[in-house]
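# Architecture and fold: a report
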Amino acid sequence: MTNPLTPAVLSDPVELTRVLVDIESVSLHEKDIADCVEQVLRAVPHLRVERLGNTVMARTELGRAQRVVLAGHLDTVPIADNLPARVDGEIMYGCGTSDMKSGVALALQLAVSLPEPRYDVTYFFYEAEEIDSAYNGLNLVSKSHPEWLAADFAVLLEPTHGVVEAGCQGTMRVHVSTTGKRAHSARSWRGVNAIHAASGVLDRLAAYEARQVTIDSCAYREGLNAVRINGGIAGNVIPDRCEIEINYRFAPDRDVAEAEAHLRELFDGYEVTLIDAAPGALPGLGAAPAQEFVAAVGSAPIGKLGWTDVSRFAAMGIPALNFGPGDPNVAHAVDERVEIPLIREGAATLHRWLVG
Ligand SMILES: [Zn+2]
């Protein structure tokens, strides 16, 4: 295919967003967009380019004292009859406009147009963020080529509506089980009903007061919720087992082990089985490039409540935050959209930050 990322397109972040959106790139189908991005980056004399699968990265090598990463995923969720992109006044609609080709456009434009940023910059465009982490380009590179990601600070250009969302909360799922004794329901007194016993677990959940934790002036609001319940054998059997699946979203002052210990203490007396967990990430606003970034944005950071790939950076010891023009409330929606003035503002903010 001829590369639609022409110099004219690359010079305008709004037009660049539109053209990137129109290169369809549902997860596991990022080859075309990665080819286009790689070709553009390889033509830039001040960048060194690497590629792994459909993940493309480019770095400046200016010998600056600090290095920052600008990262964005190239994939989108499946399209929903919402391509090509459509502009209506100040709004651009289409799959990926918010999550997160408007963010990718900001990084790509800076990569080609800024030969001498104040920090060395690693521009990282990766595949398969929207699906299982086994395919996630950031995850794969962090394992196979961690040196490509070495940096003092990272900005993930996920949709935040133009504010800084720092860190992220962790997430954990457990099964809390109750046991009883099986019997014929015609002689129910001979058994013990495990579903009835679940009320004890549900009572603890209903009475639970979730923490709100403030770190670096960012508030993280926790949540503890039953998300599924399973029990019962047949219409004439007293059930001997009931399993309540519980999701805990926890502030980043707790690690996974502390979160698990908290749930085991809370559900003391019940069988608790850990299903899966992912750690959160501290806001990490102490690093100088982070403080300069927050100053360039000009508004107070808020805590990120959902789990994002910033925690992969945090796990590598790199403080990271989320900042992007997209509206997170419409990410993955049929009417996914981005406000065009926020693309221009985001471009100006990043430029201000990297020029100093
Ligand atoms: Zn995203």
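Computed from a prediction, not measured in an experiment: that's the story for all the values here.

Conventions adopted
- Residues numbered from 1 in each chain as written.
- Predicted model: local features only at pLDDT ≥ 70, side-chain atom pairs only at ≥ 80, totals over all residues.
- Heavy atoms only, no water.
- Helix = DSSP H or I, 4+ residues; strand = E, 2+ residues; numbered from the N terminus.
- Buried < 20%, exposed > 50% of the residue type's maximum accessible area, 1.4 Å probe, protein only.
- Contact = heavy atoms within 4.5 Å.
- Areas by Shrake-Rupley, 256 points an atom, 1.4 Å probe, with all protein chains shown as cover.
- Phe/Tyr/Trp six-rings, centres within 6.5 Å; stacked < 30°, edge-to-face > 60°.
- Lys NZ or Arg CZ within 6 Å of the ring centre and 35° of its normal.
- Donors = N, O, S within 2.8 Å, 3.2 Å for Na, K, Ca; no water.
- Tetrahedral: all angles 85-135°; square planar, octahedral: opposite > 155°, others 65-115°.
- Pairing = 2+ DSSP bridges.
- Axes fitted to C-alpha atoms, helices over the stretch in contact; angles between N-to-C directions.
- Arc of directions from axis to C-beta.
- Polar contact = N/O pair within 3.5 Å; in protein donor to acceptor, adjacent residues only side chain to side chain.
- Salt bridge = Lys/Arg side-chain N within 4 Å of Asp/Glu carboxyl O.

In terms of regular secondary structure, the protein chain is built from ten helices and 19 strands. Looking at the 356 residues of the protein chain, the share that counts as buried comes to 52%. Intrachain contacts of the protein chain at a sequence separation of at least 6 include 78% that bridge at least 24 residues. Of the roughly 15300 Å² that the protein chain leaves accessible, carbon and sulfur atoms contribute 50%.

One can find Leu-202 in helix α6 (residues 194–207). Sequence separation of Leu-202 and Ala-226 is 24 residues, and the distance between their C-alpha atoms is 7.9 Å.

Turning our attention to the packing of aromatic side chains. Two descriptors summarise a pair of aromatic rings, namely the distance from one centre to the other and the angle between the planes of the rings. Tallied over the entire structure, the rule returns seven aromatic pairs. Centroid distance Phe-153 to Phe-293: 6.3 Å. Interplanar angle 55 degrees. Geometry classified as tilted. Here Phe-293 lies in helix α8 (residues 288–297) and Phe-153 lies in strand β7 (residues 153–156), a separation of 140 residues in the sequence. The residues Phe-153 and Phe-293 share a single accessibility class, namely buried. The class of Phe-293 is buried, set by a relative accessible area of 0%. Over the ring of Tyr-93 we find Arg-86, and its NZ or CZ is 4.5 Å from the ring centre.

Turning next to the coordination of the zinc ion. Looking at the zinc ion, one finds its protein donor set to be His-73 (NE2), Asp-99 (OD), Glu-158 (OE) and Glu-158 (OE), positioned 1.9 to 2.7 Å from the metal centre. One can describe the site at the zinc ion as irregular: its four donor atoms subtend angles covering 52 to 145 degrees at the metal. Sequence spacing of the donors to the zinc ion: H-x25-D-x58-E. Of this pair, His-73 sits in strand β3 (residues 67–73) while Asp-99 is found in helix α4 (residues 97–113), placing the two residues 26 residues apart along the sequence.

With mixed pairing, eight strands are arranged side by side in an open sheet as β1-β2-β6-β3-β7-β18-β8-β17. At either end of the open sheet lies a strand with only one pairing partner, and these are β1 (48–52) and β17 (302–303). Of the strands in this sheet, β3 and β6 (120–126) are in contact with α4, which crosses β3 at around 140 degrees. Against the sheet, helix α5 (residues 137–144) contacts β1, β2 (55–59) and β6, and its axis sits at roughly 125 degrees relative to β6.

For the rest of this paragraph, the subject is helix α7 (residues 256–266). Those residues of α7 that sit buried are Ala-259, His-262 and Leu-263. The buried side chains of α7 occupy one side of the element, clustering within an arc of 95 degrees when seen end-on. Looking at α7, the residues exposed on the side facing more than 90 degrees away from the buried face are Ala-257 and Glu-265. N-capping of α7 is provided by Asp-255, with a side-chain oxygen placed 3.2 Å from the backbone N of Ala-257.

This part is about the pairing of β6. Regular strands place side chains that alternate from one sheet face to the opposite one. β6 sits mainly inside the fold: seven of its seven residues count as buried. Of the two faces of β6, the one carrying Asp-120, Thr-122, Phe-124 and Tyr-126 and the one carrying Val-121, Tyr-123 and Phe-125 are both buried. Pairing between β2 and β6: four bridges, direction antiparallel. Bridge pairing in β6 places Met-57 opposite Phe-124. Bridge count between β3 and β6: seven bridges; the pairing is parallel. Among the inter-strand pairings, Leu-70 is bridged to a residue of β6, identified as Tyr-123.

The next subject is unusual backbone geometry. Outside of glycine, negative phi angles account for most residues, and trans bonds account for most peptide bonds. In the segment running from Leu-83 into Pro-84, the intervening peptide bond is cis, with an omega of -5 degrees. Within the secondary structure, Pro-84 is located in the loop between β3 and β4 (86–88). Despite not being glycine, Ala-128 has its phi angle at roughly 60 degrees, a positive value. Here Ala-128 is to be found in the loop between β6 and α5. Although it is not a glycine, Asp-216 adopts a positive phi angle of roughly 50 degrees. Tracing the backbone through its elements, the reader meets Asp-216 in the loop between β11 (212–215) and β12 (218–221). Classification of Asp-216 as partly exposed rests on a relative accessible area of 42%.

Spatial ordering of the open sheet is given by β4-β5-β19, a layout of three strands whose pairing is antiparallel. Each edge of the open sheet is held by one strand with a lone partner, namely β4 and β19 (337–339). For this sheet, the mean inter-axis angle between neighbouring strands, taken without regard to orientation, is 20 degrees. Note that strand β5 (residues 91–93) and β19 share three bridges and pair antiparallel. Residue pairing in the sheet places Tyr-93 in a bridge with Arg-337 of β19. Its contacts with the sheet put α4 on β5 and β19, and the angle it makes with β19 is roughly 50 degrees.

Attention now goes to the pattern of salt bridges. Applying the stated criterion across every chain, the model contains 23 salt bridges. For the salt bridge of Lys-31 with Asp-35, the shortest nitrogen-to-oxygen distance reads 2.7 Å. Highlighted residues: Lys-31 and Asp-35, both in helix α3 (residues 31–42), separated by four residues, approximately one helical turn. With a relative accessible area of 49%, Lys-31 lands in the partly exposed category. Under the relative-accessibility criterion, Asp-35 is labelled partly exposed at 28%.

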